[in-house]
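Structural description and commentary
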Amino acid sequence: MSDEQGRTRGREYSPITRRSLLKGAAVATGALAVGPLLQGCGAAGPTTSSSGPIKIGVLVPLAGVYTGLGEDMIQGLELYLESVNNEIAGRKVELVKEDSEAKPDVALTKARKLIEQDKVDLVTGIVSSAVALGLRDLFDSTKNILVISNAGANAVTRDRKSKYIFRTSFSNWQSCFPLGQWAFDNVGKRAFCSAPDYAAGKEDVEAFKESFVKAGGEIVGELFPPLGNNDYQPFITQMQQGAPDLVFSFYSGSDAVRFVQQYEQFGLKGKIPLVGPGFLTETDVLPQQQAAAEGIRTSLHYSHLLDTPENKKFVEAYQGKYNEVPSVFALQSYDAAQLIDAAIKATEGNTSDKDKLVAAMEATTLTSPRGPFRIDPETHNPIMHVYLREVQKVGDGWGNVVIQDLGEFKDPGA
Ligand code: PHB
């Protein structure tokens, strides 16, 4: 249940929600059965439909540590599509949802199925950086369009950028670099860093270090627990032993719930300030973290409490449909749907000429609930503002209150 400002919600990482979401899929699962068959097919080339329903493949995790993110991404996408009556340029829109499980091998099989069997017009979704890196060559070589609405892997919009891949979310650099200078100026000079042991965790720590060390800060320790971890006690103990002024951590989904709860449980809350990218306390996890998250300061390109007319409208519509407030993951997918809609309208419903669609996407300007936002035509990555937020009591719940606009950030690209 949410109050009138929708500050509380319950996101459980249960398989029940996963089943109910897949029930709405246009095509039954069973992708794993066709996977091996398709594996040898090589370059399939772009799909070619330009009449009948527009098919959008949605590839998100609906199992495991990032389940809540995947669910929110579907909700954001569906909210936007509903606002255009599930129709673009006179063609009905059909979603074909697949569960990536946030695993690169599973995601590759499912992406091939979407392209080769379902013949989707384009694909959106992708939570994990490891999955995005694993899919990059498939989309690039087959000239199929992928609109990434979360995964931040830097290379996807740098040295491994592709004409056919766009991102409405962020690069990992963008979500953490702005925090280093701010933390040095406002929190402390000696930091301990921790994040899950995979591409996004490594890139987030690097980006924070880049600006924190440049400002004059010192890194006193680094730890990379496995993704999908239950017990952070040994890691938290080591952090405490490093006696830092602050801890920088990137965790998301069920990892964020557990890390923040255990940070309090093992006595560090209130003693060693915790900072990180906003995923750590986003609205998908905050209702489970509750007071354990109080005072955590994070950097992110969104907060559902952002005080702009566009955001108010978005939050109200989202709450009206789902009875909970949107997360950054829902927002990024809402914007992915806006981008897809604008581009297909610009090509008058022709989804078969991928190069035309790419050109239309590059020329699109969107009004995002996150504030000033445009897609860099060079890298296909957003240029946007990053905000400093603090978890505070808001009404009878908790929220990420925006305390400072850190300015506009553009990924450095190459
Ligand atoms: C990523 O793997 O890029 C990733 C995952 C979850 C987040 C943010 C980034 O919340």
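Remember, predicted model here, so these are calculated numbers, not experimental data.

**Concerning the environment of leucine 179**
The residue leucine 179 is located in helix α6 (residues 172-186) in this model. Remark: the alpha-carbon pair of leucine 179 and arginine 297, spanning 118 residues in sequence, is separated by 9.5 Å. In this view, leucine 179 contacts Phe208, Phe248, Val275, Gly276, Pro277, Ser299 and Leu388; residues no more than four positions away in its chain are not counted.

**Looking at the sheet that holds strand β5 (residues 146-148)**
Pairing in this open sheet of six strands is mixed, and the strands run β2-β3-β1-β4-β5-β6 from one edge to the other. Strands at the two margins of the open sheet, each flanked by one partner only, are β2 (87-88) and β6 (165-167). Running over the sheet, helix α3 (residues 67-83) touches β1 (54-60), β2, β3 (91-99) and β4 (122-125) and is turned about 180° from β3. The strands touched by helix α13 (residues 354-363) are β4, β5 and β6; relative to β6, the strand with the most contacts, the crossing angle is about 25°.

**Here's the deal with the packing of α3 against helix α12 (residues 328-346)**
One way to put it is that α3 packs onto α12 with a least axis distance of 7 Å and a crossing angle of 40°. Accordingly, the angle class assigned to the pair α3 and α12 is oblique. Our pair here, α3 against α12, has a crossing hand that is right-handed. Of the residues in α12, those touching α3 at Leu69, Asp72, Met73, Gly76, Leu77, Leu79 and Tyr80 are Phe329, Ala330, Ser333, Tyr334, Ala337, Gln338 and Asp341. For the contact of α3 with α12, the class distribution of residues is nine nonpolar, three polar and two charged.

**So, the pattern of salt bridges**
Counted under the stated rule, the structure contains 24 salt bridges. When the shortest N-O distance is used, the salt bridge between glutamate 218 and arginine 190 registers 3.8 Å. Taken together, the positions of glutamate 218 in strand β8 (residues 218-223) and arginine 190 in strand β7 (residues 190-194) put the pair 28 residues apart, joining distant regions of the chain.

**What about the pairing of β7?**
Of all the five residues making up β7, four are buried; the element is thus mostly covered by neighbouring parts of the structure. Note: β7 against β8, five bridges, orientation parallel. Opposite serine 194, over in β8, you have leucine 223 as the bridge partner. Each parallel crossover has a hand, and for β7 linked through helix α7 (residues 199-214) to β8 it is right-handed. Here four bridges tie β7 to strand β9 (residues 246-249), and the two strands are oriented parallel to one another. From the neighbouring strand, phenylalanine 192 faces β9, where its bridge partner is valine 247.

**Comments concerning the site of the ligand**
Of all residues adjacent to the ligand, which total 16 residues, the nearest are Ser129, Gly152, Tyr198, Ser252 and Phe279. Glycine 152 has a polar backbone atom sitting 2.9 Å from an oxygen atom of the ligand. Within the side chain of tyrosine 198, a nitrogen or oxygen atom sits 2.5 Å from an oxygen atom of the ligand. When the ligand is considered free in solution it has 280 Å² of accessible area, and contact with the protein chains removes 100% of it. When grouped by side-chain class, the residues that make up the shell around the ligand number 10 nonpolar, six polar and no charged.

What counts as what
- Residues numbered from 1 in each chain as written.
- Predicted model: local features only at pLDDT ≥ 70, side-chain atom pairs only at ≥ 80, totals over all residues.
- Heavy atoms only, no water.
- Helix = DSSP H or I, 4+ residues; strand = E, 2+ residues; numbered from the N terminus.
- Contact = heavy atoms within 4.5 Å.
- Pairing = 2+ DSSP bridges.
- Axes fitted to C-alpha atoms, helices over the stretch in contact; angles between N-to-C directions.
- Parallel < 35°, antiparallel > 145°, perpendicular 65-115°, else oblique.
- Left-handed = near helix turned anticlockwise from the far one by under 90°.
- Nonpolar A, V, L, I, M, F, W, Y, C, P; charged D, E, K, R; others polar.
- Salt bridge = Lys/Arg side-chain N within 4 Å of Asp/Glu carboxyl O.
- Buried < 20%, exposed > 50% of the residue type's maximum accessible area, 1.4 Å probe, protein only.
- Right-handed = clockwise from strand over helix to strand, strands pointing away.
- Near = heavy atom within 4 Å.
- Polar contact = N/O pair within 3.5 Å; in protein donor to acceptor, adjacent residues only side chain to side chain.
- Areas by Shrake-Rupley, 256 points an atom, 1.4 Å probe, with all protein chains shown as cover.

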